[in-house]
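One letter stands for each residue in the lines below.
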Amino acid sequence: MTDIAAAPPTLSVGLRGSAARHRKERIVKSVLLLAALASILISVLIVLSLIGGAVSFVQQIQPNQLVADGWYPRRGEFDLATLIVGSLLVAGVALLIAVPAGLLSAIYLAEYASPRARRTIKPVLEILAGIPSVVIGFFALTFLSPQVVQRLNPASSDFSLMAAGLGVGLLSIPLIASISEDAMRAVPSSLREASYGLGARRVTTSIRIVVPAAMSGIVAAVILGISRTIGETMVVAVAAGGSGGSQFTADPFEPGQTITAAMASLATGTDQVAGNNAAFQSLFFLGFVLFVITFALNQFGDYFVRRTRLQY
């Protein structure tokens, strides 16, 4: 009589997989880890080089040189307020253009545009972000300055912070519009349907429901736009007219300089910046100041997004 309750044969195949597969996985993991560590190392080295150069610059100058009549580094005048005020003026003018235009474009693309219109308009809008900034700078100098700025203020010169701000604003519109539109489209359709079910119009639903629900993404877009406007170089270098140095001014219709344009102007055309002994080190000092500003903006943006993020 056969034993019908005999145990089933044991499986000889292991559940962990082949050793060759695990070796490949470890190699891939190591390569990815090295790439991540390399990016961190490069970032640390950049920051350390900025700090070292900034410390060297501060040690070579007198404190009163940071409060001068303007920014003329080759003559030993390092008025930091000239560059900070110029950067804020350009960023303010740019945001006055980019934020309303970007948000309105995002609302249209997310709430009003048909799929066919969205497929056409959004790529065209993003083409603007692909135009080289130096081209926008010449456009600001040859068109925006005479046709817009000088009509607003006939006494304005050909080079002005206003023209540079308008050019930077044009570059920032696609960034704000694209990120804001993605945030609005991520809002659940059930919120829109509930609003329509209560009798709300589309404009009311867009402004009172969708925009508040996507506020964290919109704020992130605006913060990135601010960083973009402060960090822009070529538009300001071409259109603002502060090559070589600039007097302090709080008038956007006057020529001026920003932090980035001052760095480009100072380092252009020479292997070692000539003039005052601290002129070359001032490049590192300005880079460190710009790093602190953008880092603070990013931290504020992350904090605000975490506080206002809504989960559905």
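See the structure printed just above.
Residues numbered from 1 in each chain as written. Predicted model: local features only at pLDDT ≥ 70, side-chain atom pairs only at ≥ 80, totals over all residues. Heavy atoms only, no water.

(A) The arrangement of the packing of helix H2 (residues 80-112) against helix H7 (residues 202-213) in detail. Close contact between H2 and H7 brings their axes to 11 Å; oriented N to C, the two are set at 110°. Accordingly, the angle class assigned to the pair H2 and H7 is roughly perpendicular. The element H2 and its partner H7 pack so that their crossing is right-handed. Each of Ile107, Glu111 and Tyr112 in H2 lies in contact with H7, whose residues at this interface are Arg202, Val203, Ser206, Ile207, Val210 and Val211. In the contact of H2 with H7, the residues fall into 6 nonpolar, 1 polar and 2 charged. (Axes fitted to C-alpha atoms, helices over the stretch in contact; angles between N-to-C directions. Helix = DSSP H or I, 4+ residues; strand = E, 2+ residues; numbered from the N terminus. Parallel < 35°, antiparallel > 145°, perpendicular 65-115°, else oblique. Left-handed = near helix turned anticlockwise from the far one by under 90°. Contact = heavy atoms within 4.5 Å. Nonpolar A, V, L, I, M, F, W, Y, C, P; charged D, E, K, R; others polar.)

(B) View of a nonpolar patch on the surface. A surface patch of nonpolar side chains, about 920 Å² in accessible area, is lined by Leu33, Leu34, Leu37, Ile40, Leu41, Val44, Leu45, Leu48, Ile51 and Val55. The topology assignment puts Ile40 in helix H1 (residues 19-60). (Patch = residues over 30% accessible without salt bridge, like charges linked within 9 Å, V, L, I, M, F, W, Y side chains within 5 Å. Areas by Shrake-Rupley, 256 points an atom, 1.4 Å probe, with all protein chains shown as cover. Salt bridge = Lys/Arg side-chain N within 4 Å of Asp/Glu carboxyl O.)

(C) Looking closely at the packing of aromatic side chains. Per the counting criterion, the structure on display carries 6 aromatic pairs. Ring plane angle 85° and centroid distance 5.0 Å describe the contact between Phe57 and Phe78, whose orientation is recorded as edge-to-face. With Phe57 in helix H1 and Phe78 in strand S2 (residues 77-78), this residue pair connects regions lying 21 residues apart in the sequence. Phe78 carries the same exposure label as Phe57, and that label is buried. Each ring, one from Phe139 and one from Phe143, has its centre 5.2 Å from the other, and the planes form 20°; the classification is stacked. (Phe/Tyr/Trp six-rings, centres within 6.5 Å; stacked < 30°, edge-to-face > 60°. Buried < 20%, exposed > 50% of the residue type's maximum accessible area, 1.4 Å probe, protein only.)

(D) Here's a closer look at the sheet that holds S2. Within the open sheet, the 3 strands sit side by side as S2-S1-S3. Their pairing is antiparallel. Edge positions in the sheet fall to S2 and strand S3 (246-247), since each of these pairs with one other strand and no more. Across 2 bridges, the pairing between strand S1 (residues 70-72) and S2 is antiparallel. Within the sheet, the bridge partner assigned to Trp71 lies in S2 and is Phe78. Across the face of the sheet, H2 comes into contact with S1, S2 and S3 while running at roughly 110° to S1. (Pairing = 2+ DSSP bridges.)

(E) Summary view of the environment of Val236. Within the element layout of this structure, Val236 appears in helix H9 (residues 234-239). Judged by relative accessible area, Val236 falls into the buried class, the value being 2%. The spacing of Val236 and Ile259 is 23 residues in sequence and 9.8 Å in space, taken between C-alpha atoms. Excluding anything up to four places from it in sequence, Val236 contacts Val90, Ala164, Val168, Gly241, Thr258 and Ala261.

(F) Region of interest: the pattern of salt bridges. Applying the stated criterion across every chain, the model contains 6 salt bridges. One salt bridge in this structure joins Glu181 and Arg118, with 3.8 Å as the shortest N-O distance. With Glu181 in helix H5 (residues 161-185) and Arg118 in helix H3 (residues 115-130), this residue pair connects regions lying 63 residues apart in the sequence. The class for Arg118 is buried, based on a relative accessible area of 15%. A salt bridge links Glu181 to Arg185, with the shortest nitrogen-to-oxygen separation between them at 3.7 Å. With Glu181 and Arg185 both in helix H5, this residue pair falls 4 residues apart, about one helical turn. Classification of Glu181 by relative accessible area gives buried; the value is 1%. Taken together, the shared-partner salt bridges connect Arg118, Lys122, Glu181, Asp182 and Arg185 into one network.

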